[in-house]
Amino acid sequence: MVRGGRRILIIVVALLVTALTPVVWLLDSPDTGQFVGASIQAGTGVAAVVWALLQPSGGPPAGPDDTVVDTGEAESTDGGAARTGIRRRGAADGAGSARAERTGDAAAHGPGSAASTGIEYD
């Protein structure tokens, strides 16, 4: 992915290459080889400009913004799960944000049960 400043640099250089070098060659009564070279160089410059313009700008898309406030009382028995906060699947990579405030109680009873009152990543 090409970022903003680098993208602009690629576009400017491609435009300069596209316009200036073939013009210099073509102003001096070109032979067939110079004409072909100028055409190839101009085509390459145009392709670079099109490529740079088609690149997405910015960074990776933002993830979800999750907020939970003032929840409470969840209970789980015998292998169940109780959560009064936020459970985020696959979001531990830092995409988005999660905020849990005053989430309250959570209880788990029995083997295999789980309880969480904050932010849980899995």
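Everything numeric in this text was worked out from a predicted model, so none of it was measured.

### A few points about the overall build of the protein chain
Looking only at helices and strands, one finds 2 helices and 8 strands in the protein chain. Secondary structure elements of the protein chain, listed N to C terminal, follow the sequence α-α-β-β-β-β-β-β-β-β. A burial count over the protein chain gives 19% of its 122 residues as buried. Counting contacts in the protein chain only where the partners sit at least 6 residues apart, residues at least 24 apart contribute 67% of the total. Total accessible area computed for the protein chain in this model is approximately 8,000 Å², and 59% of it derives from carbon and sulfur atoms.

### Digging into the environment of R102
Turning to its location among the elements, R102 is positioned in the loop between β5 (97-101) and β6 (107-109). Among the residues examined, R102 registers a relative accessible area of 55% and is labelled exposed. Residue contacts for R102: discarding those within four places in its chain leaves V69, D70 and T71. Separated by 2.8 Å, the side chains of R102 and D70 make a polar contact.

### Focus on the pattern of salt bridges
On inspection of all chains with the given rule, the structure shows 3 salt bridges. One salt bridge connects D70 with R102, and the closest N-O pair in it is separated by 2.8 Å. Placement of the pair is D70 in the loop between β1 (65-69) and β2 (75-77) and R102 in the loop between β5 and β6, with a sequence separation of 32 residues. Among the residues examined, D70 registers a relative accessible area of 49% and is labelled partly exposed. Notably, a salt bridge pairs R99 with E101, separated by 2.9 Å at the nearest N-O pair. Connected through shared salt-bridge partners, D70, R99, E101 and R102 make up one network.

### A word on the environment of A47
Tracing the chain through its elements places A47 in helix α2 (residues 32-54). C-alpha of A47 to C-alpha of T18: the two residues are 29 residues apart in sequence and 9.6 Å apart in space.

### Details of the confidence of the model for the protein chain
Averaged over every residue, the pLDDT of the protein chain is 77; the share at 70 or more is 86%. Ranking the elements of the protein chain by mean pLDDT puts helix α1 (residues 4-26) last, at 76, and β6 first, at 85.

### Description of α2
Relative to the 33 Å expected for 23 residues at 1.5 Å per residue, α2 spans 33 Å between its end C-alpha atoms, a close match to the ideal helical length. Where α2 is concerned, the buried positions are A38, G45, V49 and A52. At the N-terminal boundary of α2, the capping side chain belongs to D31, with an oxygen 3.2 Å from the backbone nitrogen of G33.

Rules used in this analysis
- Residues numbered from 1 in each chain as written.
- Predicted model: local features only at pLDDT ≥ 70, side-chain atom pairs only at ≥ 80, totals over all residues.
- Heavy atoms only, no water.
- Helix = DSSP H or I, 4+ residues; strand = E, 2+ residues; numbered from the N terminus.
- Buried < 20%, exposed > 50% of the residue type's maximum accessible area, 1.4 Å probe, protein only.
- Contact = heavy atoms within 4.5 Å.
- Areas by Shrake-Rupley, 256 points an atom, 1.4 Å probe, with all protein chains shown as cover.
- Polar contact = N/O pair within 3.5 Å; in protein donor to acceptor, adjacent residues only side chain to side chain.
- Salt bridge = Lys/Arg side-chain N within 4 Å of Asp/Glu carboxyl O.
- pLDDT = per-residue confidence, 0-100.
- Expected span 1.5 Å × (residues − 1).

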